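Here is how the chains run, residue by residue.
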Amino acid sequence: MQRKIRVLIGKPGLDGHDRGAKTVASALRDFGMEVIYTGLHQTPEAIAEVAAQEDVDVVGLSILSGAHMALFPRVRAALEKRDMGHVLLTGGGIIPQDDMKALEDAGYTKLFGPGTRTEEIAQWITAQMELRWQKEGAAQ
Amino acid sequence: MSLDDPLHRVQVHDGEQLWRREFDAAKKRSAEFTTLSGAPLEPLYGPDAIADLDHERDLAYPGQFPYTRGVHPTMYRGRLWTMRQFAGFGSAKQTNERFKFLLAHGQTGLSTAFDFPTLMGYDSDHEHSIGEVGQVGVAISSLEDMETLMSGIPMGEVSTSMTINGPAPILLAFYIACGENQGVDPKLLRGTVQNDILKEFQAQHAWLVPPEPALRMITDVMGYCSERVPQWNTISISGYHIREAGSTAAQELAFTLANGMEYVKRGLAAGLDIDDFAPRLSFFFDSHLDFFEEIAKFRAARRIWARKMRDTFGAKDPRSWMVRFHTQTAGVSLTAQQPENNIVRVAFQALAAVLGGTQSLHTNSMDETLALPTEKAVKIALRTQQIIAEEIEVAHVADPLGGSYFVEALTNKLEAEAERYFAEIDRRGGVVPCIEAGYIQREIHRSAIAYQAAVERGSKKVVGVNCYTEDDKGPTIDILRIDASVEREQHERLAALRKRRDNARCKRELDAIRDACRSKDNLLERFVAAAHAYCTLGEIADVLRAEFGVYKEPKIL
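Since the structure is predicted, the reported quantities are computational estimates derived from the model, not experimental observations.

Regarding the overall build of chain B
When you go through chain B residue by residue, the secondary structure sums to 22 helices and ten strands. Its C-alpha atoms give chain B a radius of gyration of 24 Å, near enough to 24 Å, the size a compact globule of 557 residues would have. With respect to the principal axes defined by its C-alpha atoms, chain B has extents near 90 × 60 × 50 Å. Out of the 557 residues belonging to chain B, those deemed buried represent 58%. The contacts in chain B between residues at least 6 apart in sequence include a share of 78% that link residues at least 24 apart. Approximately 22,800 Å² of chain B is accessible, and the part contributed by carbon and sulfur atoms is 52%. On chain B, the mean spot of the 64 positive side-chain charges and the mean spot of the 77 negative ones are 1 Å from each other.

Digging into the nonpolar core
Core analysis: the largest hydrophobic core is formed by 167 residues, its most contacted members being F174(B), I513(B), F527(B) and L544(B). When near neighbours in sequence (up to four residues on either side) are disregarded, L544(B) contacts I170(B), L208(B), V209(B), M217(B), I513(B), C517(B), F527(B) and G549(B). Counting 21 residues, the second largest nonpolar core, distinct from the first, contains I63(A), V75(A), A78(A) and L79(A).

What about the pairing of strand 1 (residues 6-10) of chain A?
All names here are of chain A. Of all the five residues making up strand 1, five are buried; the element is thus mostly covered by neighbouring parts of the structure. Of the two faces of strand 1, the one carrying R6, L8 and G10 and the one carrying V7 and I9 are both buried. Between the parallel elements strand 1 and strand 2 (residues 34-37), the chain passes through helix 1 (residues 19-30) in a crossover that is right-handed. Both strand 1 and strand 3 (residues 58-63) contribute to a ladder of four bridges, which runs parallel. Residue pairing across strands places L8 opposite V59, the latter belonging to strand 3.

Regarding the packing of helix 8 (residues 211-228) of chain B against helix 10 (residues 249-269) of chain B
Residue and element names in this part refer to chain B. One way to put it is that helix 8 packs onto helix 10 with a least axis distance of 10 Å and a crossing angle of 70 degrees. On the basis of the axis angle, helix 8 is roughly perpendicular to helix 10. In contact with E212, L215, I218, T219 and M222 of helix 8, helix 10 contributes Y263, R266 and G267. Broken down by class, the residue content of the contact of helix 8 with helix 10 amounts to four nonpolar, two polar and two charged.

Observations concerning the side chain of T327(B)
Tracing the backbone through its elements, the reader meets T327(B) in strand 9 (residues 325-329). On the accessibility criterion, T327(B) (0% relative accessible area) is buried.

Here's the deal with the sheet that holds strand 7 (residues 235-238) of chain B
Residue and element names in this part refer to chain B. Spatially, five strands are ordered 1-10-9-8-7 in an open sheet, and the strand pairing comes out parallel. The sheet is open, and its two edges are formed by strand 1 (82-83) and strand 7, each paired on a single side. The sheet contact formed by strand 1 and strand 10 (residues 360-362) spans two bridges and is parallel. In the sheet register, T82 faces strand 10, and the bridge partner there is S360.

Considerations on the packing of helix 14 (residues 342-355) of chain B against helix 15 (residues 375-390) of chain B
To characterise two packed helices, one gives the angle between the axes of the helices and the distance between these axes. All names here are of chain B. Packing of helix 14 against helix 15 brings their axes to within 10 Å, and their N-to-C directions diverge by 45 degrees. With respect to helix 15, the element helix 14 is oriented oblique. As helix 14 packs across helix 15, the resulting crossing turns out to be right-handed. Contacts between helix 14 and helix 15 pair I343, A347, A350, L351 and V354 from the former with I380, T384 and I388 from the latter. Residues belonging to the contact of helix 14 with helix 15 are distributed by class as follows: seven nonpolar, one polar and no charged.

A word on the sheet that holds strand 4 (residues 159-163) of chain B
As a general point, the strands of a sheet are linked pairwise by backbone hydrogen bonds and lie either parallel or antiparallel. Residue and element names in this part refer to chain B. Here we have five strands laid out as an open sheet, ordered 2-3-4-5-6, and parallel in their pairing. At either margin of the open sheet sits one strand with a lone partner, and together these are strand 2 (86-87) and strand 6 (232-233). The pairing of strand 2 with strand 3 (residues 110-113) spans two bridges and is parallel. The residue bridging F86 from the neighbouring strand is S111, located in strand 3. Strand contacts of helix 6 (residues 168-181): strand 4, strand 5 (190-193) and strand 6, with the helix running at about 150 degrees to strand 4, the strand carrying the most contacts.

With respect to the confidence of the model for chain B
Interpreting fine coordinate detail is not advised for predicted regions of low pLDDT. When the pLDDT values of chain B are averaged, the result is 94; 97% of them are 70 or greater. Interface confidence for the predicted complex, expressed as ipTM, amounts to 0.92; the pTM equals 0.94.

Reading guide: rules and limits
- Residues numbered from 1 in each chain as written.
- Chains lettered and ligands numbered in written order.
- Predicted model: local features only at pLDDT ≥ 70, side-chain atom pairs only at ≥ 80, totals over all residues.
- Heavy atoms only, no water.
- Helix = DSSP H or I, 4+ residues; strand = E, 2+ residues; numbered from the N terminus.
- Rg over C-alpha atoms; globule rule 2.2 N^0.38 Å.
- Buried < 20%, exposed > 50% of the residue type's maximum accessible area, 1.4 Å probe, protein only.
- Contact = heavy atoms within 4.5 Å.
- Areas by Shrake-Rupley, 256 points an atom, 1.4 Å probe, with all protein chains shown as cover.
- Lys, Arg positive; Asp, Glu negative; His and termini not counted.
- Charge placed at Lys NZ, Arg CZ, Asp CG, Glu CD.
- Core = buried A, V, L, I, M, F, W, Y, C linked by side-chain atoms within 4.5 Å.
- Right-handed = clockwise from strand over helix to strand, strands pointing away.
- Pairing = 2+ DSSP bridges.
- Axes fitted to C-alpha atoms, helices over the stretch in contact; angles between N-to-C directions.
- Parallel < 35°, antiparallel > 145°, perpendicular 65-115°, else oblique.
- Nonpolar A, V, L, I, M, F, W, Y, C, P; charged D, E, K, R; others polar.
- Left-handed = near helix turned anticlockwise from the far one by under 90°.
- pLDDT = per-residue confidence, 0-100.

The following block contains the structure:
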């Protein structure tokens, strides 16, 4: 049997809007994932540190502060510094379409905007993780 | 036939029975009809629904206790509500230009949005500020930035609202000092500082120090202003953020007023006279999508507060009994899908606020789920208010829905639900223990989850999101972008300021703040002196963080 997917939901930066982060965290838990929520106002370093300690598979960032173009790359770099570059990085918030595309194209992450069903997020994460685990299984 | 005629009573009775029979037999669109907050609704409200309503006791007249029907005898025949669009982005210079744009288009008051570093008490050049400077509001790190923000705006004439909480007393000090430098007596300054820290811990989450020292600073502001800045609203007790974080209408009402009562208790405990500070307390509510529930909420807020202030706290001045409030339409109801539809949502929400008797109003712009609003979107939002004021003839009669069986029953119900929450909060030891235990945060979270589940189930319909959807290629409207140069220039300005100012004087002022933290001296007085010395926001906040500690939120998830 496959193990549970471990997810860290993070709130980087000074943004205090946590309705989305907490809603998604609760929903992913209901979908059977193990979810850790960082709480508010975390630095990229602190998020990467928890991700490494908890050995998570997925990091989801919620950003409604407009600082996404600075924060996604910083979290990615902080994860890589801890040999956690393999983590599936995703997120959402108030992020203009062009920026979403730019971050996706640059390989940082896939992002989910307002109005997304939590089920869609859960299904995407599950599919991505299954794909990875299949690959790992085949390699072993 | 007279009303007392037995035949008349039989007919009325028959009418009701007949209606009920026909109603029960007919097919319905849905098994359940509820308010947006999920409370079940009757299909019809009649005299029975408000049998206990007493006109004198529960409604009275506009301008009379308990103010259910409004706080002014004339309501909008005397003066329309203040059209106050919340604005702020980028540098102080850019926001100053947006302020002048809004004033030129008929806006009647200013409302300032700050960026996250400012809201959290960090200078633009702090490490935590990277990428956030000027993004969601204007960056104000010192008196110098405030002077740029208010440049060319007569501070003795406009009223200015500042949405800031943790460092509110510091920003207010910048504003007072800026006015003094413009030659304006603080007694003439009019406006509001949000300064509502309790709801920050509950919902909005831009705090600076833990609850007790934060509350002490608030009573310092109330004490200072009642004497020296008497026209200033010292707190805007805000339900808006509680609602946006996911609460129901009843929770918004209950938690907001519970917070208000906590401030009153703190003011009294600090030795202030209730009628010296209570008239300067103002309120701020959300206007969400449920038209009638919102109108009932505004009416209930006025009635509950009047009763508490007069009967529980013993305030004598009628101005202490009144809920004067600002309203903002519900940001959370806007959709990124088919964003132009948001114009219509905002119009209905704005109408509910006006029918509910608001004193000032912000209408959201259609593009706010994507970014900060463009000038075009802001102008449509302002024009929406002007159409309500000038074209649709709703501003002529006070409390036009008063007496509606439905609206009165909803008003009563919301008051009763708020009372249940007040009792529960008391049982748990008061507002601050409820925050520290995460009780209020958990109640809000539970409602947010229930709402999301209803949308995903489809029992709550959202046009463009779970019905009438279109294949979205993404929004086609223009959006506002904050240039990266804002952050860089802010760094340069701060570096220059730190070089130019009298740094020995700054140190003396910061030391004086440290001493005041350890005594009972009024902190706002020290902040105004520090502002004049061009101490920065971050420098002052650092002293407070060092003296009072930093708040850690309780885990609720």
